[in-house]
Amino acid sequence: MGMLSRNKVIDALEDKRAKFEEYQAAQRSEFDLRQQLLERFLQMSAAEISARVAERGQAWPGALPTPELDEATALCVSCTERWQHHQEARAWALTVLQGRPVAAVDGSQIPPSKELSTPLGAVQIGWYINYHVPGGRYEKDVRFEVLAPQELGEEEGGEFPDWRVNQQRFVGECKQLMALMERFAAPDAGEAPLCFFDGSFIISFAGQIRPNRAEAYLDAVRTLLDTSARLAVPLAGFVDSSGSRDVVMLINTVAGPPYMSLTDGALFAPLLPNWGDRTPFFICARNDPLSQQGNAEFYQNVAFCYIRLAAERPPARIELPRWLVEAGLAGAIVDRVRAECIVGAGGYPYAIETADAVAVLKQADRDHFYALFQQFAEQQGLQFHFSRKQLSKQARR
């Protein structure tokens, strides 16, 4: 049994004391720089910021302000609701959600495994709709799809890669959200739900992968945003822990040099003191390989803000199609997100948590899937076997 020697740990930490001190000094100087740039930025109106961006000739300055910026106090739009205890907050949340449906979609996947003689993958897309009506009415369901060997893309180094399964899952989530939007846009469907997308519409990662693989992601997000605008169905992307630097880049562009290297979450954390406080909305204009290659025109159809939903974590990022902000509906949508987070656990929207629980495939599900495939292969007279390593693992369980 291993053991930790207290003295050796203390000695090893002492060896690195200078490095820890250096790191903290850098953090302090970054904080001073943040204060200096923020002060300059806060003196500018939305119109002045936009003019300065144009003057600097920066086509993708990270973000652009909306008129909300001029109504905010030091980049904070306060949550006007205050509660004495959780029961009071929950009562408010249920009032906000009453009669207003919410839907969320999530996905899970089984990548191809080299333990199987026949390569195959699978994608499960789950969705959850809560109608928020007295007595309760909700819907939970999944769609399951198998990817045969020919659908997994080319073999690389003797193995089938995961990229095709990942892509199919992402596209499947977008398609399912669009199917729900179409369904609720029907004349007799009642009020359209707020549709949650678990993640960001700003898919910078697609600029790092091969163009022929990126196209499916780009098409999926463009069509999703267009569908929301065309059918006037509200849509919200939720990013619990964002490493984005869009507003930091905007501030650097108009108030620098010098330049700060914080994330937006770290920038805003001290500016949003109370639960539910948020920033004004910004229009996304991220500078990344996609926008530089001319493939990210849809970024400017996305507005985002940061919101305090947990004391111990940086603010979360909410993204909305730009049409919701321009139609004056963003404040009401943010209230619904707040309400979902009160009903959920730990500052996370309940609808997304539930869709995740519906969709998730655990190890036991994978084993069950392989057993069902084995039965299917035997019935159809198909050649199929597990590797010795897999058989020995199963025997040990």
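Remember, it's a predicted structure, so these values are computed and weren't measured experimentally. (Residues numbered from 1 in each chain as written. Predicted model: local features only at pLDDT ≥ 70, side-chain atom pairs only at ≥ 80, totals over all residues. Heavy atoms only, no water.)

K.L.:
So what about the overall build of the protein? Which residues, and what values?
P.N.:
When you go through the protein residue by residue, the secondary structure sums to 14 helices and nine strands. Burial analysis of the protein (397 residues in total) assigns 48% to the buried set. In the protein, 71% of the contacts between residues at least 6 apart in sequence involve partners at least 24 apart. Looking at the protein as shown, the accessible area adds up to about 20200 Å², and 51% of this sits on carbon and sulfur atoms. Side chains of the protein give 41 positive and 50 negative charges; the mean places of these two sets differ by 5 Å. (Helix = DSSP H or I, 4+ residues; strand = E, 2+ residues; numbered from the N terminus. Buried < 20%, exposed > 50% of the residue type's maximum accessible area, 1.4 Å probe, protein only. Contact = heavy atoms within 4.5 Å. Areas by Shrake-Rupley, 256 points an atom, 1.4 Å probe, with all protein chains shown as cover. Lys, Arg positive; Asp, Glu negative; His and termini not counted. Charge placed at Lys NZ, Arg CZ, Asp CG, Glu CD.)

K.L.:
Talk me through the pattern of salt bridges; I want residue IDs and the actual numbers.
P.N.:
Taken as a whole, this structure holds 18 salt bridges when the rule is applied. We note a salt bridge from E215 to R222, for which the minimum N-O separation is 3.5 Å. With a closest N to O distance of 2.8 Å, R338 and D335 form a salt bridge. Of the two residues, R338 and D335 are both situated in helix α11 (residues 330–343); the distance of three residues between them amounts to about one turn of the helix. Taking relative accessible area as the criterion, D335 reaches 27% and is therefore assigned partly exposed. Each of E215, D219, R222 and E297 takes part in a single network of salt bridges with overlapping partners. (Salt bridge = Lys/Arg side-chain N within 4 Å of Asp/Glu carboxyl O.)

K.L.:
I'd like to hear about a nonpolar patch on the surface, residue by residue, with values.
P.N.:
A contiguous nonpolar patch, built from L4, V9, L13 and F20 and spanning about 410 Å² of accessible area, is present on the exposed surface. Along the chain, V9 turns up in helix α1 (residues 6–15). (Patch = residues over 30% accessible without salt bridge, like charges linked within 9 Å, V, L, I, M, F, W, Y side chains within 5 Å.)

K.L.:
I'd like a rundown of the environment of E156, residues and numbers included.
P.N.:
With respect to the helices and strands, the residue E156 is situated in the loop between β4 (138–147) and α5 (163–184). Each C-alpha atom of the pair E156 and R100 lies 48 Å from the other, and the pair is 56 residues apart in sequence. Leaving out residues up to four positions away in the same chain, E156 has contacts with P161, W163, R210 and R213.

K.L.:
Can you break down the packing of aromatic side chains residue by residue, with the values?
P.N.:
According to the stated counting rule, one finds 20 aromatic pairs in the structure shown. Between F197 and F201, the ring centres sit 5.2 Å apart and the planes meet at 25 degrees, which makes this aromatic pair stacked. Per residue, the accessibility class of F197 equals that of F201, and both read buried. Ring centres of F268 and Y306 lie 5.4 Å apart, and the angle between their planes is 35 degrees; on these two criteria the pair is classed as tilted. Here F268, found in helix α8 (residues 264–268), pairs with Y306, found in strand β8 (residues 302–307); they are 38 residues apart in sequence, far enough to count as distant. Of the two residues examined, F268 and Y306, each falls in the buried class. Grouping aromatic residues by their ring pairs yields a cluster made of F170, F197, F201, F205 and Y217. Stacked on the ring of Y131, the Lys or Arg R137 has its end atom at 3.8 Å from the ring centre. The ring of F304 has R317 sitting right over it, with the charged end atom 4.0 Å from the ring centre. (Phe/Tyr/Trp six-rings, centres within 6.5 Å; stacked < 30°, edge-to-face > 60°. Lys NZ or Arg CZ within 6 Å of the ring centre and 35° of its normal.)

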